[in-house]
Amino acid sequence: MSDDNTPQTRLDTRYSSPGATATGWPEAEARIAEAELFWISTVRPDGRPHVTPLPAVWAHGALHFGTGPKERKARNLAANPHVTLTTGTNTWDKGYDLVVEGEAVRVTDEDRLRELAAAWEAKYGSFWHFEVRDGAFHHGPGHAFVFSVAPRTVFGFGKGEPFSQTRWRFT
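What you see is a predicted model, and the numbers here were worked out from it, not measured in a lab.

So, how was this worked out
- Residues numbered from 1 in each chain as written.
- Predicted model: local features only at pLDDT ≥ 70, side-chain atom pairs only at ≥ 80, totals over all residues.
- Heavy atoms only, no water.
- Helix = DSSP H or I, 4+ residues; strand = E, 2+ residues; numbered from the N terminus.
- Rg over C-alpha atoms; globule rule 2.2 N^0.38 Å.
- Buried < 20%, exposed > 50% of the residue type's maximum accessible area, 1.4 Å probe, protein only.
- Lys, Arg positive; Asp, Glu negative; His and termini not counted.
- Charge placed at Lys NZ, Arg CZ, Asp CG, Glu CD.
- Expected span 1.5 Å × (residues − 1).
- Arc of directions from axis to C-beta.
- Contact = heavy atoms within 4.5 Å.
- Polar contact = N/O pair within 3.5 Å; in protein donor to acceptor, adjacent residues only side chain to side chain.
- Pairing = 2+ DSSP bridges.

## Concerning the overall build of the protein
Helix and strand counts for the protein stand at 3 helices and 11 strands. Helices and strands in the protein line up, N terminus first, as β-α-β-β-β-β-α-β-β-α-β-β-β-β. For the protein, whose C-alpha radius of gyration is 17 Å, the value lies close to the compact-globule estimate of 16 Å for 171 residues. Principal-axis analysis of the C-alpha atoms gives the protein an extent of 55 × 35 × 30 Å. Per-residue burial over the protein gives 44% buried out of 171 residues. In the protein, which carries 19 positive and 21 negative side-chain charges, the distance between the mean positions of the two groups comes to 8 Å.

## Thoughts on helix α3 (residues 110-124)
Over its 15 residues, α3 runs 20 Å from end to end, which matches the ideal 21 Å to within 8%, given 1.5 Å per residue. Of the positions making up α3, those classed as buried are L113, L116, A117, W120 and Y124. Taken around the axis of α3, the buried residues stretch over an arc of 105 degrees, which confines them to a single face. Turned more than 90 degrees away from the buried face of α3 sit D111 and A122, all of them exposed. Lining the buried residues of α3 we find β4 (57-59), β5 (62-67), β7 (96-107), β8 (131-133), β9 (136-139) and β10 (142-158). Of the residues that open α3, the one with a side-chain oxygen 3.3 Å from the backbone nitrogen of D111 is D109. Looking one or two residues beyond α3, the residue adopting positive phi is G125, at roughly 100 degrees.

## Quick word on helix α2 (residues 72-79)
Turn by turn, an α-helix covers 3.6 residues, leaving residues three or four places apart pointing in a common direction. Inspection of α2 places K73, A74, N76 and L77 among the buried residues, and these make up the whole buried set. For α2, the buried positions fall inside an angular range of 160 degrees around the axis, keeping them on one side. In α2, the exposed positions that point more than 90 degrees away from the buried face belong to A78 and A79. If you follow the buried residues of α2, they end up packed against β2 (38-43), β3 (49-54), β5, β6 (82-87), β7 and β10.

## Some thoughts on the pairing of β9
With 3 bridges connecting them, β8 and β9 associate as antiparallel partners. Residue pairing in the sheet places R133 in a bridge with A136 of β9. Here β8 folds back onto β9 in antiparallel fashion, the turn holding 2 residues, of which D134 has a positive phi close to 55 degrees. As defined by bridge partners, β9 adjoins β10 across 3 bridges and the pair is classed as antiparallel. Bridging from a neighbouring strand, F137 pairs with A144 of β10. Taking the residues between adjacent antiparallel strands as the criterion, β9 and β10 are bridged by 2 residues, where G140 takes a positive phi near 60 degrees.

## Here we look at unusual backbone geometry
Cis geometry is found at the peptide bond from E161 to P162, where omega equals -5 degrees. As for its position among the elements, P162 is in the loop between β10 and β11 (164-169). At H60, a residue that is not glycine, the phi angle is positive and equals roughly 55 degrees. Inspection of the secondary structure assignment puts H60 in the loop between β4 and β5. With a phi angle near 55 degrees, D134 is a residue other than glycine that sits in the positive phi range. For D134, the location among the structural elements is in the loop between β8 and β9.

## Description of the side chain of H50
Turning to its location among the elements, H50 is positioned in strand β3. Residue classification places H50 among the buried positions, given a relative accessible area of 15%. Excluding residues that lie within four positions of it along the chain, H50 makes contacts with I40, S41, T42, R44, R72, K73 and N76.

Dropping the structure here:
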């Protein structure tokens, strides 16, 4: 759950079945926290989109992900920190999809990184064990920068009757 940043919640009736209701933020937040895989969308310096899957951890009201400093994601974020992270199911008539929009901010505080490393391992298992040093996660010979994305806007898409589209805006 987020600390005290309760978003404005609105059902978009244009894209919802008659009688649909807005999904509450606590339910959406729980779905984000439980999701195992996200698709991150960034923008290349020349304006072309880049999309790739990755694991992420929800903590302190934000999604957190890691990427190697020379990976396309990191290079894109250096030029434009705006991102979209998407999770859900690949069916049209059942399940729930979530789209999180925000700005990726690098996390370098080592106490916070240790907390996030423990969260990764708790969520994904011992394969995702990271050492923390020099403001980054280290695993074997490689290292990763960690980014935090506090949501600005989140969209939720309930699929199947009733179909619904909920929007949460954060101030």
